[in-house]
Amino acid sequence: MEQMQNEVQSKPMNLSHDISSRVMPFFYKFWVSSHGNNFFTWIGTTPVVHVTEPTLVREASVNYRKYLKVIGNPLRKSLATGLFFAEGDRWAKHRKIINPAFHLEKLKHMEPSFYETCSEMMDKWEELMTGENSCEVDVVPYFCSFSADVISRTAFGSSFKEGRKIFELQKEQAEMMDKIDKSLYVPGSRFLPTRNNKRIKEIAQEVRAIIYSIIDKRVAAMKSGEITSKDDLLGMLLESNNKEIKEGGNKNFGLSNEDIFEECKLFYFAGQDTTAYALIWTMILLSHHKDWQTRAREEILHVFGDKRPDIHGLNQLKILNMILNEVHRLYPVATTTRRLIHEEVKLGNLTLPAGTIIQLNNLLFHHDKKTWGEDASEFNPQRFSEGVSKATKQGQVLYLPFGTGPRICIGQNFAMLEMKMALAMILQRFSFDLSPSYSHAPQTVLSLQPQLGAHLILHKL
Ligand code: HEM
């Protein structure tokens, strides 16, 4: 696997969206030879069953008590746990308490943070402009800082400095985790005093100290009445938690301080790279498909003119919504979803022993000609003109950018609104092209990323 991965990553590819054989060469080979039917591979001695039929994908996604999350190397827990890796009753309790913070009506409190943060990013681009009002820039670090800053502001209302430190530390940790993930897990290896292991633990402690100090300050300020605002995720989480404890009659009904710390850490991990890279792929695709860039801008100017975008208007942007659906289809930041079974299960006509991993290859589903038609690997947002369920002839769509079933992404509406706000503001102020120095090289480092950056030429309008 590693050999195939290294080989494809040694050079960029043509600028085509037919990326499956580059992004997941190993699984793609099996997918092709099994003609899109279920197949299996191994991770060491663990069997991995790759299911491809919509009914089986649904069953494995919906039945969250039978099909559990895969943690793999226990060191992963130092990166993020919380809702993402919680199971059974614990998961249900956490999801119930966190849900209100992501309700659609709460998103209006996030709008100013999206706006301010994007304005700051665009101001930085303008500072780079030369006499012709254009500049070449690799937008990757800008969008990574943008989404990290959005999380800092929306989660903690805190200054960027505290947030940026968490973001930098988690990035370093994710890169080290990815290396470990791609090699075979040897039980007990996490206790070895290797440089990687030591650094992962050090970072975990640093992140812990920063987030705990933010939470402690907030709880104290709320108690003393100094802060009443509950407009950020931490405030809403504390409020929802207090309500749950009050209704239940004792503390066991709520989340502990440690749980709250874990959930805050998770917002950074789950909401940062995902949104950043989804935005980066959108910028790349709109630079390549200028006709769609023009159509998106026309729609935005029609709805907002040069006024500040607001939630109400953003929800009316049909073309931009179609474009985002198509970007999530061709370049899903989560390329696979995995589940682990703890006791023998019957899945369709398969009988699977305990310890089997079920893998859903989202990227392969999204590029499958049987589902999407002959133009499956082409950028054609029009296919979503009547919504997701009508985007294919079969109706049963394997379209999983945000997962499916009860464990679907809790931040989906948050992320879509953040992306729409950023793109609307950028399209109002800039046009953009791919730079001649752009090389197309999608790869997965936990999320789907452009290995060689996203070099664009920005023109101020
Ligand atoms: C474009 C942006 C995003 C994408 C593509 C994305 C994708 C996903 C996917 C595919 C899952 C399901 C994983 C599985 O089934 O194993 C998931 C779960 C989750 N996401 Fe997102 N996500 C995004 C943004 C966000 C944001 C902004 C947040 C929070 C601030 C967030 C928080 C979560 C959480 C907490 C879960 C776990 C839900 C549960 O298990 O109940 N995500 N995300």
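For the structure itself, consult the block above.
Computed from a predicted structure; not experimentally measured.

**Quick notes on the overall build of the chain**
Within the chain one finds 19 helices and 12 strands. Overall size of the chain, expressed as C-alpha extent along the three principal axes, is 65 × 65 × 45 Å. The buried share among the 461 residues of the chain stands at 53%. Sequence separation of 24 or more characterises 73% of the internal contacts of the chain that already satisfy a separation of 6 or more. Computed over 56 positive and 53 negative side-chain charges, the separation of the two mean positions in the chain equals 4 Å.

**Regarding the nonpolar core**
If you look at the biggest cluster of nonpolar residues, it comprises 131 residues, and the most contacted ones within it are Trp-125, Phe-143, Phe-156, Phe-414 and Ile-426. By residue number, the principal contributor to this core is helix H19 (residues 412–429), which donates 12 residues.

**A few points about the packing of helix H1 (residues 2–9) against helix H3 (residues 25–33)**
The geometry of H1 relative to H3 is characterised by a closest axis approach of 8 Å and an angle of 105 degrees between their N-to-C directions. By the angle between their axes, H1 is roughly perpendicular relative to H3. Where H1 approaches H3, its residues Met-4, Gln-5 and Val-8 are matched on the opposing element by Pro-25, Phe-26 and Lys-29.

**Describing H19**
Spanning 18 residues, H19 covers 26 Å between terminal C-alpha atoms, matching the ideal 26 Å at 1.5 Å per step. With respect to burial, H19 is a largely interior element, 15 of its 18 residues being buried.

**Some remarks on the site of the ligand**
Around the ligand, the surrounding shell holds 26 residues, and the nearest of these are Trp-91, Arg-95, Arg-339, Arg-407 and Cys-409. Arg-339 is positioned with one of its side-chain polar atoms (N or O) 2.8 Å from an oxygen atom of the ligand. Arg-407 is positioned with one of its side-chain polar atoms (N or O) 3.0 Å from an oxygen atom of the ligand. Going through the elements one at a time, helix H5 (82–85), helix H6 (88–98), helix H12 (257–271), helix H13 (273–288), strand S5 (337–341) and H19 are the ones with two or more residues in the shell around the ligand. Class assignment of the residues belonging to the shell around the ligand gives a composition of 15 nonpolar, seven polar and four charged.

**Topic: helix H16 (residues 318–330)**
End to end, H16 covers 19 Å across 13 residues, agreeing with the expected 18 Å (1.5 Å per residue, within 8%). Counting buried residues in H16 gives 11 out of 13 residues, a clear majority hidden from the surface. Considered for burial, the residues of H16 that qualify are Ile-319, Leu-320, Met-322, Ile-323, Leu-324, Asn-325, Glu-326, Val-327, His-328, Arg-329 and Leu-330. Where H16 is buried, its residues touch H13, helix H14 (290–304), helix H17 (362–366), helix H18 (369–372) and H19.

**Focus: the pattern of salt bridges**
A complete count under the given rule lists 19 salt bridges for this structure. Salt-bridge contacts for Asp-149 lead to Arg-153; the nearest nitrogen and oxygen are separated by 3.6 Å. Here Asp-149 pairs with Arg-153, and both are found in helix H8 (residues 140–156), just four residues apart, close to one helical turn. According to the relative accessible area criterion, Asp-149 is buried, its value standing at 4%.

**Here's the deal with unusual backbone geometry**
Trans is the prevailing form of peptide bonds, just as negative phi is the prevailing case for residues other than glycine. For His-35, which is not a glycine, the phi torsion comes out positive at approximately 55 degrees. Tracing the backbone shows His-35 in the loop between H3 and strand S1 (39–43). Its identity as a non-glycine residue notwithstanding, Asn-133 has a phi of 60 degrees, on the positive side. With respect to the helices, strands and loops of the structure, Asn-133 is situated in the loop between helix H7 (111–127) and strand S4 (134–138). Using a relative accessible area of 40% as the deciding quantity, one classes Asn-133 as partly exposed.

**Looking at the packing of H6 against helix H11 (residues 233–248)**
Packing of H6 against H11 brings their axes to within 8 Å, and their N-to-C directions diverge by 120 degrees. As judged from the angle between their axes, H6 and H11 are oblique. Contact residues: Lys-96, Ile-97 and Ile-98 in H6; Leu-237, Ser-240, Asn-241 and Glu-244 in H11. Its residues placed into classes, the contact of H6 with H11 shows three nonpolar, two polar and two charged.

**Side note on the packing of aromatic side chains**
Enumeration according to the criterion identifies 20 aromatic pairs in this entry. Judged by centre distance (5.2 Å) and plane angle (70 degrees), the rings of Phe-84 and Phe-85 are edge-to-face. When its relative accessible area of 12% is taken as the criterion, Phe-85 is described as buried. An aromatic cluster of at least three residues, connected via ring pairs, comprises Trp-125, Tyr-142, Phe-143, Phe-146 and Phe-430. Lying over the aromatic face of Phe-261, Arg-208 brings its terminal NZ or CZ to 4.9 Å of the ring centre. The lysine or arginine in question, Arg-329, covers the ring of Trp-372, its NZ or CZ lying 5.1 Å from the ring centre.

**Concerning the state of the cysteines**
Counted according to the given criterion, the structure contains zero disulfides. Summary of cysteine pairing: Cys-144 is not part of a disulfide, and the nearest cysteine sulfur, belonging to Cys-118, is at 14 Å. With relative accessibility at 3%, the residue Cys-144 sits in the buried group.

**Here we look at the environment of Leu-233**
Within the secondary structure layout, Leu-233 lies in helix H11. Counting along the chain gives 213 residues from Leu-233 to Leu-446, while the straight-line C-alpha distance between them is 24 Å. Every residue in contact with Leu-233, bar those within four places of it in the chain, is listed here: Ala-101, Phe-102, Met-110, Thr-154, Ala-155, Phe-267 and Phe-414.

**Section: the sheet that holds S4**
Strands sit in the order S4-S12-S9 across an open sheet of three strands; the sheet is antiparallel. The sheet terminates laterally at S4 and strand S9 (430–434), the two strands that pair on one side only. Geometrically, the sheet is characterised by an average inter-axis angle of 30 degrees between neighbouring strands, direction not taken into account. Where S9 meets strand S12 (residues 455–460), five bridges bridge the pair, whose relative direction is antiparallel. From the neighbouring strand, Phe-430 faces S12, where its bridge partner is Lys-460. Against the sheet, H13 makes contact with S9 and S12, and its axis sits at roughly 80 degrees relative to S9, the strand it touches most.

What counts and what doesn't
Residues numbered from 1 in each chain as written. Predicted model: local features only at pLDDT ≥ 70, side-chain atom pairs only at ≥ 80, totals over all residues. Heavy atoms only, no water. Helix = DSSP H or I, 4+ residues; strand = E, 2+ residues; numbered from the N terminus. Buried < 20%, exposed > 50% of the residue type's maximum accessible area, 1.4 Å probe, protein only. Contact = heavy atoms within 4.5 Å. Lys, Arg positive; Asp, Glu negative; His and termini not counted. Charge placed at Lys NZ, Arg CZ, Asp CG, Glu CD. Core = buried A, V, L, I, M, F, W, Y, C linked by side-chain atoms within 4.5 Å. Axes fitted to C-alpha atoms, helices over the stretch in contact; angles between N-to-C directions. Parallel < 35°, antiparallel > 145°, perpendicular 65-115°, else oblique. Expected span 1.5 Å × (residues − 1). Near = heavy atom within 4 Å. Polar contact = N/O pair within 3.5 Å; in protein donor to acceptor, adjacent residues only side chain to side chain. Nonpolar A, V, L, I, M, F, W, Y, C, P; charged D, E, K, R; others polar. Salt bridge = Lys/Arg side-chain N within 4 Å of Asp/Glu carboxyl O. Phe/Tyr/Trp six-rings, centres within 6.5 Å; stacked < 30°, edge-to-face > 60°. Lys NZ or Arg CZ within 6 Å of the ring centre and 35° of its normal. Disulfide = S-S within 2.5 Å. Pairing = 2+ DSSP bridges.

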